[in-house]
Amino acid sequence: MNKKYAQEGFNLCAALLIGLSFLFFVLTFPVSLIFCIKITREYERAVVLRLGRILTEGAKGPGLFFILPCVDTIIKCDLRTITFDVPPQEILTKDSVTINVDAVCYYQIKDPITAVVNVENAQYSTRLLAATCLRNILGTKTLQEILQDRELIANHMQV
């Protein structure tokens with residue numbers, strides 16, 4: 001038992017808290033089962049944080065999984081393709097013409113652990129990145145280039 005927690009970076013105090021949580025689960029078994037069994041859908045993954053650290057198993061799901069009460073925190077990530085409209089942006093082109101441009105953005109989370117750990121709010125960050133990318137790319141083009149090369153610009157904006 002200690003070897004597993006030592007690999008995950010838990011100290012004696014953390015092992016004691018996890019042991020007490022497991023004991024609490026056993027003592028209140030029928031009732032605590034409702035709070036300890038979690039379900040994720042086919043298109044979701046759950047990132048489990050035990051005392052603030054990611055478990056070595058990685059993201060859980062789809063299906064049933066067990067968490068310890070008061071010790072584990074779960075954060076669910078949707079793996080489906082998400083779409084949103086980029087609000088209209090006023091962009092100054094290379095030839096000093098002001099245009100209003102809007103866009104549609106599609107994105108999909110491939111690695112839920114990275115999305116949870118490295119970014120505070122992945123959806124909001126993606127919205128800001130899409131608007132910034134739109135302004136940066138169109139700001140380097142003239143109005144004539146924007147009107148003529150729409151497909152080329154769209155391919156350039158895809159990541």
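Notes on the structure follow. Keep in mind the model is a prediction, meaning the values are calculated, not measured.

## Considering the overall build of the protein chain
(1) Moving on: For the protein chain, the count of helices and strands is 7 helices and 7 strands.
(2) Moving on: When the elements of the protein chain are put in sequence order from the N terminus, they spell out α-α-α-β-β-β-β-β-β-β-α-α-α-α.
(3) Moving on: Against the 2.2 N^0.38 benchmark of 15 Å for 159 residues, the protein chain shows a C-alpha radius of gyration of 23 Å, more extended than a compact globule.
(4) Moving on: Out of the 159 residues belonging to the protein chain, those deemed buried represent 31%.
(5) Moving on: Pairs at least 24 apart in sequence give 60% of the contacts found in the protein chain among residues at least 6 apart.
(6) Moving on: Carbon and sulfur atoms provide 58% of the accessible area of the protein chain, an area that totals close to 10,800 Å².
(7) Moving on: Of the side-chain charges in the protein chain, 16 are positive and 15 negative, and the distance between the mean point of each set is 10 Å.

## A word on a nonpolar patch on the surface
(1) Moving on: Side chains of Phe 22, Val 26, Phe 29, Leu 33, Ile 37, Ile 39, Leu 64 and Phe 66 sit close together on the surface and give an oily, nonpolar patch of about 740 Å² of accessible area.
(2) Moving on: Of all the elements in the fold, those that place two or more residues in the nonpolar patch are helix 2 (12-27), helix 3 (29-36), strand 1 (37-40) and strand 4 (63-66).
(3) Moving on: Tracing the sequence through the fold places Phe 29 in helix 3.
(4) Moving on: Accessibility expressed as a relative area gives 42% for Phe 29, which makes it partly exposed.

## Re the packing of helix 2 against helix 3
When two helices pack together, their arrangement is given by the angle between the helix axes and the distance between those axes.
(1) Moving on: Interaxial distance between helix 2 and helix 3 falls to 6 Å at its minimum, and their mutual angle equals 120 degrees. In terms of axis orientation, helix 2 runs oblique to helix 3. Of helix 3, the residues touching helix 2 (which contributes Phe 25, Val 26 and Leu 27) are Phe 29, Ser 32, Leu 33 and Cys 36.
(2) Moving on: Across the contact of helix 2 with helix 3, the residue classes break down as 6 nonpolar, 1 polar and no charged.

About the criteria used
- Residues numbered from 1 in each chain as written.
- Predicted model: local features only at pLDDT ≥ 70, side-chain atom pairs only at ≥ 80, totals over all residues.
- Heavy atoms only, no water.
- Helix = DSSP H or I, 4+ residues; strand = E, 2+ residues; numbered from the N terminus.
- Rg over C-alpha atoms; globule rule 2.2 N^0.38 Å.
- Buried < 20%, exposed > 50% of the residue type's maximum accessible area, 1.4 Å probe, protein only.
- Contact = heavy atoms within 4.5 Å.
- Areas by Shrake-Rupley, 256 points an atom, 1.4 Å probe, with all protein chains shown as cover.
- Lys, Arg positive; Asp, Glu negative; His and termini not counted.
- Charge placed at Lys NZ, Arg CZ, Asp CG, Glu CD.
- Patch = residues over 30% accessible without salt bridge, like charges linked within 9 Å, V, L, I, M, F, W, Y side chains within 5 Å.
- Salt bridge = Lys/Arg side-chain N within 4 Å of Asp/Glu carboxyl O.
- Axes fitted to C-alpha atoms, helices over the stretch in contact; angles between N-to-C directions.
- Parallel < 35°, antiparallel > 145°, perpendicular 65-115°, else oblique.
- Nonpolar A, V, L, I, M, F, W, Y, C, P; charged D, E, K, R; others polar.

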